[in-house]
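Observations on chain architecture
Single-letter residue listing:
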Amino acid sequence: MNPTGLRTTGEAATAAAPTGTDQVFLDLAVRLAVENVSGGGGPFGAVVVRHGAVVATGVNRVTAHNDPTAHAEVQAIRAACTVLGTFTLAGTTLYSSCEPCPMCLASSLWARVERVVFAADRHDAARGGFDDRAFYDLFDTPRDEWRVPVQQRRDENSPAPFRAWLAHGGRVDY
């Protein structure tokens, strides 16, 4: 298990190999990805499973929806949360046709997915024209060296939203 608490399995991970049941859901994710290509989408598919049953699926719709966040994993997470009527996917496994990019992995963490299992890895994706290496490298670079400035402009009102959140009696912690 990595420091985030999320277990990942796949060729590049050191965790145990996927089980036979895992392979069934990985095969579905891969099939969704291949079918999505023929439908004009990107080569990525994802499946959210709870208690051995498919809760939701997702495919890459970045270009179809003009939405850079419409990755297969994010689409599957959004759909699963809608189906289950909750913002937490505790007790679920996310199966992906490819190793999740940093955004999708972070989305999995926020959704409290219990486990992520993937088929192809980031190197396969790079060979297919989807190279996330720049993002991985960026996160290892000091922020003041980034090409896109990410800067804080703090004043006395900066923490006001969090004071309001903590004072709100009806908040739902997540």
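Structure report, in brief. (Residues numbered from 1 in each chain as written. Predicted model: local features only at pLDDT ≥ 70, side-chain atom pairs only at ≥ 80, totals over all residues. Heavy atoms only, no water.)

Moving on to the overall build of the chain. Per the secondary structure count, the chain includes seven helices and five strands. Of the regular secondary structure in the chain, the N- to C-terminal order runs β-α-β-β-α-α-β-α-β-α-α-α. In the chain, the proportion of contacts linking residues at least 24 apart, taken out of those at least 6 apart, comes to 50%. (Helix = DSSP H or I, 4+ residues; strand = E, 2+ residues; numbered from the N terminus. Contact = heavy atoms within 4.5 Å.)

Let's shift gears to the pairing of strand β2 (residues 45-50). Burial analysis of β2 places five of its six residues in the buried class, which makes it a mostly covered element. Pairing geometry for β2 and strand β3 (residues 53-59), over six bridges, is antiparallel. Along β3, the bridge assignment pairs Ala 46 with Gly 58. Hairpin geometry of β2 and β3 is characterised by an intervening segment of two residues between the two adjacent antiparallel strands and by a positive phi of about 55° at His 51. The pairing of β2 with strand β4 (residues 92-98) spans five bridges and is classified as antiparallel. Paired with Val 48 across the strands is Leu 94, a residue of β4. (Buried < 20%, exposed > 50% of the residue type's maximum accessible area, 1.4 Å probe, protein only. Pairing = 2+ DSSP bridges.)

Another aspect to go through is a nonpolar patch on the surface. A cluster of nonpolar side chains, Phe 87, Trp 110, Trp 165, Leu 166, Val 172 and Tyr 174, forms an exposed patch at the surface whose accessible area comes to about 730 Å². Within the secondary structure, Trp 110 sits in helix α4 (residues 102-111). Residue Trp 110 is classed as exposed on the basis of its relative accessible area, which comes to 58%. (Patch = residues over 30% accessible without salt bridge, like charges linked within 9 Å, V, L, I, M, F, W, Y side chains within 5 Å. Areas by Shrake-Rupley, 256 points an atom, 1.4 Å probe, with all protein chains shown as cover. Salt bridge = Lys/Arg side-chain N within 4 Å of Asp/Glu carboxyl O.)

This brings us to the environment of Ala 70. Mapped onto the elements, Ala 70 comes out in the loop between α2 (62-65) and α3 (72-84). For the pair Ala 70 and Gly 58, spaced 12 residues apart in sequence, the C-alpha to C-alpha distance is 9.1 Å. Those residues in contact with Ala 70 that sit more than four places away from it in its chain are Val 59, Asn 60, Arg 61, Val 62 and Gln 75.

Attention now goes to the nonpolar core. Ranked by size, the top nonpolar core spans 17 residues in total, and within it Val 48, Ile 77, Ala 80, Leu 89, Leu 94 and Val 113 carry the most contacts. Counting only elements with at least two residues in this core, the list comes to β2, β3, α3 and β4. Top contributing element to this core by residue count: α3, with five residues. Residues within four places of Leu 89 in sequence aside, it is in contact with Val 48, Arg 50, Ile 77, Ala 80, Cys 81, Leu 84, Ala 111, Arg 112, Val 113 and Glu 114. Judged by nonpolar contacts, the second largest core, of nine residues, contains Phe 25, Leu 26, Leu 28 and Val 49. (Core = buried A, V, L, I, M, F, W, Y, C linked by side-chain atoms within 4.5 Å.)

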